[in-house]
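Descriptive analysis of the structure
One letter stands for each residue in the lines below.
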Amino acid sequence: MGWLTKMLIGAGSAASKPQARPRKPAPPAARSSAPAGALAILGGAGYPRSVVGESHCQEALSAICGGHNREGHEMESTAHLVPEPSNAFDPNAVMVMIGGLKVGYLMRDDAPRYLAALRAAGRDGEAASVRAKIVGGWRTNQHDAGHFGVKLALPWPVRFS
């Protein structure tokens, strides 16, 4: 603070004291959409599988994370893998849901292997849960913004609890 400002406002006034930055609100907690007794997938370290189609689900991912922010997100959550045999583009499609919202699909090559593991476990057509991480979602200005992405802790071979 300059000497002229101190003289005009006063060194001890409230206006001369630095103001605390307001805290960002915490993102809303993701709701669980797994049916009771849903199968859990035992994941290894890390998140080796990427979800596809999340570019069409940016609004849902933004809602789950609480919107874009300057630093972006690395939010851990639980995803639910829901077989979608009625999918018009791929009868082996497996939808990925977080907090009751669709956030994408398993990759086309991964879906048949996952469905085969479900069948082998005697849980054909059922949903299962797996650890997930939502990444991205930064916005530093109108020209620098990152889309959201989703990674899954989905190991091969798939092991259920």
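See the structure printed just above.
Keep in mind that this is a model prediction, so the values were computed, not measured. (Residues numbered from 1 in each chain as written. Predicted model: local features only at pLDDT ≥ 70, side-chain atom pairs only at ≥ 80, totals over all residues. Heavy atoms only, no water.)

1. Here we look at the layout of surface pockets
Rolled over the atoms, a probe sized like a water molecule indicates the empty space that remains. Put simply, the test is: Here a cavity is any set of points on a 1 Å grid over the protein atoms alone where a 1.4 Å probe fits but cannot get out, and a pocket is any open set with protein on both sides within 12 Å along at least 5 of 7 lines; a residue lines the site when it has an atom within 4 Å of a point. Grid points are joined across faces, edges and corners, and a volume is the space filled by probe spheres set on the points. Per the convention used, a helix needs a DSSP run of H or I reaching at least four residues, while a strand needs a run of E reaching at least two, with both numbered from the N terminus. Here the term charged refers only to Asp, Glu, Lys and Arg, the term nonpolar to Ala, Val, Leu, Ile, Met, Phe, Trp, Tyr, Cys and Pro, and the term polar to all other amino acids, Gly among them.
Taken as a whole, the largest pocket holds about 260 Å³ of empty space. At 3 residues, strand β5 (residues 101–105) tops the list of elements feeding residues into the lining of the largest pocket. Classifying every residue of the lining of the largest pocket by side-chain character gives 9 nonpolar, 4 polar and 3 charged.

2. Some details on the packing of aromatic side chains
So the rule is basically this: Pairing of aromatic rings covers Phe, Tyr and the six-membered ring of Trp, with a centre-to-centre limit of 6.5 Å; geometry is then stacked below 30 degrees between planes, edge-to-face above 60, and tilted otherwise. By definition here, charges over rings are those cases where NZ of Lys or CZ of Arg is within 6 Å of the ring centre and within 35 degrees of the ring normal.
For the structure on display, the rule yields 0 aromatic pairs. The residue whose ring lies beneath R113 is W156, and the NZ or CZ to ring-centre distance is 4.2 Å.

3. Examining the environment of N92
This is how it is decided: Contact between two residues is taken to exist if any of their heavy atoms lie within 4.5 Å; hydrogens are not considered.
Mapped onto the secondary structure, N92 falls in the loop between β3 (73–83) and β4 (94–98). For the pair N92 and L115, spaced 23 residues apart in sequence, the C-alpha to C-alpha distance is 7.6 Å. Once residues lying within four places of it in the same chain are set aside, the contact partners of N92 are A111, P112 and L115.

4. A word on the pairing of β3
Selection criterion: Two strands make a pair as long as DSSP finds a minimum of two bridges between them.
Two strands pair when backbone bridges link them, and β3 and strand β6 (residues 128–136) are joined in this way by 9 bridges, in the antiparallel orientation. Counterpart to E76 in the pairing with β6 is K133.

5. Things to note about the pattern of salt bridges
Put simply, the test is: The salt bridge criterion pairs a side-chain nitrogen of Lys or Arg with a carboxyl oxygen of Asp or Glu, the two atoms within 4 Å.
Within the structure shown, the criterion is met by 6 salt bridges. Across the salt bridge formed by R108 and D90, the nearest N and O atoms sit 3.7 Å from each other. Of this pair, R108 sits in the loop between β5 and α3 (110–120) while D90 sits in the loop between β3 and β4; the two residues are 18 residues apart in sequence, bridging distant segments of the chain. Across the pair E126 and R123 runs a salt bridge, and its minimum N-O distance is 2.8 Å. Taken together, the shared-partner salt bridges connect R49, D110 and R113 into one network.

6. Here we look at helix α2 (residues 58–65)
To keep it simple, the criterion reads: Throughout this description, buried means an accessible area under 20% of the type-specific maximum (1.4 Å probe, protein chains only), exposed means over 50%, and partly exposed covers the range between.
Here α2 lies mainly inside the structure; 6 of its 8 residues are buried. Taken together, the buried positions of α2 are occupied by Q58, A60, L61, S62, I64 and C65. Those residues of α2 that are buried are in contact with β3, β4, β5, β6 and β9 (148–152). Backbone geometry just after α2 places G66 at a positive phi near 90 degrees.

Read these as geometric descriptors, not functional statements.
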